[in-house]
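So the chains spell out like this:
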Amino acid sequence: MGNSIKPKYSKPLPQPTAIYPNVQRRVAFWCIGVFAIFLRLLTLPRRCFNKRQNTYLVYEPYGMGDVIALQPFVMALAKSGGRVIVAVKEEWQAIFPKHDNIKLVSANVSYSKYRNKKAGLLKSFLDTARALREEASGAIGLDIRGDVRSICLMYLAGCTKVESFNRYFTANDCRVPFGCVSHRYSIDRAAIRFELNKQLLPKPAEEKFTPPDLSHLIDPATEEALEQGTIALVPLAGWSGKEWIPESWASVIASLKDKGHNLAVVFGPKEREQAIAAIGGAEAAANVQLKEATTVKAWVNILNSASYVISVNTGPMHIAAALKKPQIVIEGTSRIPLWAPANSNAVVIHYQNGKEIRAIHQIDSNAEYSRRVMSKISADEVFSVMEKLLKKE
């Protein structure tokens, strides 16, 4: 894969730094880890007599970008002959091409939401474990997050053993306690997210491992396509700390419009008003096409028809990367290169230096700090990078 997936950065990347949440969250993580050890011992007799060869459970309860990063891992397992039970949210299941060895199961636990995490937490967790048990009992659990909650769920679902990373690196650096799982893999801090998963693959599957591919969702006859030459703008993200300053979006829109470019602001279901506010209001919205993407397939076909994509670090950014679109990513405090686009046609504009500006745990209490970091990126910087990309045509 090499340089074919590595984006360019506006500034050199800092040395990787650790992210530790507050003491309360660390204690909770450790306590859940101890509970995972208890579950491992408690379920041992049942698991010893219920083993299924070459069957795997993979669980990813989070967003679009997480699931796109998971796709190569699942496809490599399936193509090498493994039967894979994949538990993801129903709205992201189209990311996986149809394959006889893949069984998709819906996962919708409340802790994976940015808001209202605690509402129905235990019930949603146990309901998911119960729903998985019929398919996953006797399987090997492969936890691609380093998340003790996922490990607990896999034991409750009947996995004979669970393998994981040694840290919850996708969000912070909480360590997975020794004894939780049969094997803990060390983290490669220089890897892009989808590459990281490769460490958990059985040897026969490694040669089947390739970057994310969404070509199965491209429809040449789609009615979702943008007008030829349109630049797509994606201003919204699941976490408000990732969103750029509305005045800066408005300035970029005005500058590109002055140069004669067609622009489209693309957003998810029922996000029209939120998207208008994110780009600076009605005046900026009057200069763009407002395009709602209601499904993953719609996102793929809209962004595939764009000439360029400018976005914050959000799920659709990873769609543009998988499609190898020329793209600009306005980056604040996500962990990079982990969450960078896997695309050599991408430019990531950021101010991280590993000291006063660094990657942080993306929770509500940190959103204001992250927005301040985002505000350091000027509209002129984004417009300047865009002009350089246009000159390469």
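Residues numbered from 1 in each chain as written. Predicted model: local features only at pLDDT ≥ 70, side-chain atom pairs only at ≥ 80, totals over all residues. Heavy atoms only, no water.

Caption draft 1: Representation of helix α11 (residues 296–305) in the model. Within α11, 8 of the 10 residues are buried, leaving the element largely enclosed by the surrounding structure. Restricting attention to buried positions, one finds in α11 the residues Val296, Ala298, Trp299, Val300, Asn301, Ile302, Leu303 and Ser305. For α11, the secondary structure elements touched by its buried residues are α3 (64–79), β8 (231–234), β9 (263–267), β10 (289–292), β11 (308–312) and α12 (315–322). (Buried < 20%, exposed > 50% of the residue type's maximum accessible area, 1.4 Å probe, protein only. Helix = DSSP H or I, 4+ residues; strand = E, 2+ residues; numbered from the N terminus. Contact = heavy atoms within 4.5 Å.)

Caption draft 2: Spatial organisation of a nonpolar patch on the surface. The grouping of Phe35, Phe38 and Leu42 at the surface amounts to a nonpolar patch, some 310 Å² of accessible area in total. Tracing the chain through its elements places Leu42 in helix α1 (residues 23–42). (Patch = residues over 30% accessible without salt bridge, like charges linked within 9 Å, V, L, I, M, F, W, Y side chains within 5 Å. Areas by Shrake-Rupley, 256 points an atom, 1.4 Å probe, with all protein chains shown as cover. Salt bridge = Lys/Arg side-chain N within 4 Å of Asp/Glu carboxyl O.)

Caption draft 3: Seen up close, the environment of Ser375. Secondary-structure assignment places Ser375 in the loop between α13 (367–374) and α14 (379–391). Taking the C-alpha atoms as reference, Ser375 lies 44 Å from Ala131; in sequence the two are 244 residues apart. Within the structure, the side chain of Ser375 is placed 2.5 Å from the backbone oxygen of Arg372, a separation counted as a polar contact. (Polar contact = N/O pair within 3.5 Å; in protein donor to acceptor, adjacent residues only side chain to side chain.)

Caption draft 4: A look at the packing of helix α4 (residues 121–136) against helix α5 (residues 148–156). α5 packs onto α4 with a crossing angle of 45° between their chain directions and a minimal axis gap of 8 Å. For the element pair α4 / α5, the angle class is oblique. At the point where α4 passes α5, the crossing takes the right-handed sense. Across the interface between the two elements, Phe125, Leu126, Thr128, Ala129, Leu132 and Arg133 of α4 pack against Arg149, Cys152, Leu153 and Leu156 of α5. Taken together, the residues that form the contact of α4 with α5 break down as 7 nonpolar, 1 polar and 2 charged. (Axes fitted to C-alpha atoms, helices over the stretch in contact; angles between N-to-C directions. Parallel < 35°, antiparallel > 145°, perpendicular 65-115°, else oblique. Left-handed = near helix turned anticlockwise from the far one by under 90°. Nonpolar A, V, L, I, M, F, W, Y, C, P; charged D, E, K, R; others polar.)

Caption draft 5: Main features of the pairing of β8. Both faces of β8 are covered, namely the face carrying Ile231 and Leu233 and the face carrying Ala232 and Val234. Direction of pairing for β8 relative to β9: parallel, over a ladder of 3 bridges. Directly across from Ala232, in β9, lies its bridge partner Ala264. Once the chain exits β8 it traverses helix α8 (residues 246–258) before rejoining the sheet at β9, and the crossover so formed is right-handed. As paired strands, β8 and β11 are joined by 4 bridges and run parallel to one another. Among the inter-strand pairings, Leu233 is bridged to a residue of β11, identified as Ile310. (Pairing = 2+ DSSP bridges. Right-handed = clockwise from strand over helix to strand, strands pointing away.)

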